[in-house]
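Architecture and fold: a report
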Amino acid sequence: MAESESGADKSEQPTEKRLRESREKGQIARSRELGTLAILLAGCGGLLASGGSLAEALLEIMRANFSLPREVLYNEGSMALWLLASGKIALDALVPLFITLLIAAIAGPVALGGWLFSAEALQPKFSRLNPLAGLKRMFSVKALVELLKALAKFLVVLAVALAVLASDRDDLLAIAHQPLELAILHSVQVAGWSALWVSCGIILIAAVDVPFQLWDNKQKLMMTKQEVRDEYKDSEGKPEVKGRIRQLQREMAERRMMQAVPQADVVITNPTHFAVALKYDPEKGGAPVLLAKGGDFLALKIREIAQEHKVMVLESPALARAVYHSTELDQEIPAGLYLAVAQVLAYVYQLRQFQAGKGKRPAPLSDLPIPPDLRRDE
């Protein structure tokens, strides 16, 4: 199990945030052996596929340059043109092989970890100039693995090369007795197949290196329990900060709510546990709207503000509880409470008329019609 610099065990899988950040920094699994193998196999395959054209180009260059006309030998300007012509022949023959190698050089590294361009990975890191850190890297487990890989690669390539030379001994000796043109073509084929078999030996190294690089990269990204908790706090917000934000939001909402109480037509109370402030605007043609609501201390503040601004305060415990539990701020009351609230508003209107000396005193409210599904006992 990996350990952090503090000594804590890295027992937790990397989070999505950790994986994303490591990729942005260029810290992904890469296998140099896989890239080397791709280039070698592509080069050998390209050499075998274009071996005939390469041999023909070589023969053409040899014929042209070993049988120069007399006038060319005595003309210095002609020699430069002759060199350019030979270079063009060689380049035309090598372009397909170069393209194949270029594709392999790009595809090899991308095969493990995908395509990635990280500007942060290109930035100079002065920490690498630290001699102590360099010594630590030299004697680390990764350095030992790289040494073992290099030794294994040397032994495997040596063994395969000796086996290939032993199997191709007769072909190599036969080249010396063949005509020049056939010998060149035969040499290209033998070199291509020999290099291919030697390259296949690298497959064993790559088959071990790729899983190791994946495992090693995963171990580097493993996290301690504390790192996971810290990351969660950073992404979700620290509990004390979130609590403070919620407190400020509640205080702001309460201040806005209290500012709306003077605009209410009536405040209905429990009488002490709940208080709701309602307003009805006939011009809008909708249902009464809940401007404020609260329990206990907040209910007391609503009643005080209502009395201070001469807003009618009525006691109706059942209706106050029903409105409090069924309606949100700035929302219309549910349809089931229309009739009960309408009776309350009519009573408030008649009472105001009476107080202004324009009518009789209305009878007290009793048994307001509240549907059973909207009733609350507490």
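Residues numbered from 1 in each chain as written. Predicted model: local features only at pLDDT ≥ 70, side-chain atom pairs only at ≥ 80, totals over all residues. Heavy atoms only, no water.

Going by an unreviewed UniProt entry, the protein carries the name Flagellar biosynthetic protein FlhB and comes from Zestomonas carbonaria. According to the UniProt record, the Sequence similarities (unreviewed entry) comment for the protein reads "Belongs to the type III secretion exporter family." Annotation of the protein in UniProt includes, under Subcellular location (unreviewed entry), the sentence "Cell membrane". (UniProt positions renumbered as here; feature names shortened; annotations may be inferred.)

Take the packing of aromatic side chains next. Applying the stated criterion across every chain, the model contains 2 aromatic pairs. Taking the centre distance of 6.1 Å and the plane angle of 35° together, the rings of Phe-212 and Trp-215 count as tilted. Of this pair, Phe-212 and Trp-215 both sit in helix H10 (residues 180-221), separated by 3 residues, roughly a single helical turn. Taking the centre distance of 4.6 Å and the plane angle of 50° together, the rings of Phe-274 and Tyr-324 count as tilted. (Phe/Tyr/Trp six-rings, centres within 6.5 Å; stacked < 30°, edge-to-face > 60°. Helix = DSSP H or I, 4+ residues; strand = E, 2+ residues; numbered from the N terminus.)

Here the focus is helix H3 (residues 51-66). Under the 1.5 Å per step criterion, the end-to-end length of H3 is 22 Å for 16 residues, consistent within 8% with the ideal 22 Å. Buried residues of H3: Gly-51, Leu-54, Ala-55, Ala-57, Leu-59 and Ile-61, and no others. (Expected span 1.5 Å × (residues − 1). Buried < 20%, exposed > 50% of the residue type's maximum accessible area, 1.4 Å probe, protein only.)

Bringing helix H13 (residues 297-308) into the picture now. In this model H13 runs 17 Å from its N-terminal to its C-terminal C-alpha over 12 residues, within 8% of the 16 Å that 1.5 Å per residue would give. Of the residues flanking the end of H13, it is Lys-310, one or two places downstream, whose phi is positive at about 60°.

Turning to the sheet that holds strand E1 (residues 266-269), a few remarks are in order. Strand order in the open sheet formed by 4 strands is E3-E2-E1-E4, with mixed pairing between adjacent strands. Among the strands making up the open sheet, the edge pair consists of strand E3 (289-295) and strand E4 (312-315). Shown here is a sheet whose adjacent strand axes are inclined to one another by a mean of 20°, direction ignored. Across 4 bridges, E1 lies against E4 in parallel orientation. What sits directly across from Val-267, in E4, is Val-313. Of the strands in this sheet, E1, strand E2 (274-279), E3 and E4 are in contact with H13, which crosses E3 at around 130°. (Pairing = 2+ DSSP bridges. Axes fitted to C-alpha atoms, helices over the stretch in contact; angles between N-to-C directions. Contact = heavy atoms within 4.5 Å.)

For the rest of this paragraph, the subject is the packing of H3 against helix H5 (residues 76-110). Remark: H3 packs on H5, axes separated minimally by 9 Å, with the N-to-C direction vectors making an angle of 170°. Classified by the interaxial angle, the pair formed by H3 and H5 is roughly antiparallel. When H3 is examined against H5, the residues Ser-53, Leu-54, Ala-57, Glu-60, Ile-61, Ala-64 and Asn-65 are found in contact with a partner set consisting of Trp-82, Ser-86, Ile-89, Ala-90, Ala-93 and Leu-94. Considering only residue class, the contact of H3 with H5 consists of 9 nonpolar, 3 polar and 1 charged. (Parallel < 35°, antiparallel > 145°, perpendicular 65-115°, else oblique. Nonpolar A, V, L, I, M, F, W, Y, C, P; charged D, E, K, R; others polar.)

Attention now goes to the nonpolar core. Residues Val-266, Ile-268, Leu-278, Leu-319, Leu-337 and Val-344 are the most contacted members of the largest nonpolar core, which totals 24 residues. Here this core takes 7 residues from helix H15 (residues 338-355), the largest share from any one element. What Ile-268 contacts, discounting residues up to four positions off in sequence, is Phe-274, Ala-275, Val-276, Leu-278, Leu-314, Ser-316, Leu-319, Ala-320 and Val-344. Within the second largest apolar cluster, 16 residues are counted, among which are Met-257, Ala-264, Ile-302 and Val-311. (Core = buried A, V, L, I, M, F, W, Y, C linked by side-chain atoms within 4.5 Å.)

Here we come to the pairing of E2. The two faces of the sheet receive side chains in turn, since in a regular strand these alternate between them. In terms of burial, E2 is a largely internal element, 5 of the 6 residues being buried. For E1 and E2, the ladder comprises 4 bridges, and the chain directions are antiparallel. Of the residues in E2, the one forming a bridge with Val-266 is Leu-278. The antiparallel hairpin formed by E1 and E2 contains 4 residues in its connecting segment. Of the pairings in the sheet, the one linking E2 to E3 comprises 6 bridges and is antiparallel in character. By the bridge assignment for E3, Phe-274 is matched with Gly-295.

The next subject is unusual backbone geometry. Trans peptide bonds make up the majority, and among non-glycine residues the majority have a negative phi. Even without being a glycine, Asp-296 presents a positive backbone phi close to 55°. Inspection of the secondary structure assignment puts Asp-296 in the loop between E3 and H13. Of note in this structure, Asp-330 is not a glycine but carries a positive phi near 65°. Using a relative accessible area of 57% as the deciding quantity, one classes Asp-330 as exposed.

Looking now at a nonpolar patch on the surface. A surface patch of nonpolar side chains, about 680 Å² in accessible area, is lined by Leu-151, Phe-154, Leu-155, Leu-158, Leu-162, Leu-165 and Leu-172. For the nonpolar patch, the leading source of residues is helix H8 (residues 141-167), giving 6 residues. (Patch = residues over 30% accessible without salt bridge, like charges linked within 9 Å, V, L, I, M, F, W, Y side chains within 5 Å. Areas by Shrake-Rupley, 256 points an atom, 1.4 Å probe, with all protein chains shown as cover. Salt bridge = Lys/Arg side-chain N within 4 Å of Asp/Glu carboxyl O.)

Turning to the side chain of Arg-303, a few remarks are in order. Along the chain, Arg-303 falls in helix H13. For the buried Arg-303, which has no salt bridge, the nearest side chain bearing the opposite charge is Glu-304, at an N-O separation of 7.2 Å. Other than its neighbours up to four places away in sequence, Arg-303 contacts Thr-269, Pro-271, Thr-272, Ala-275 and Val-313. (Lys, Arg positive; Asp, Glu negative; His and termini not counted.)

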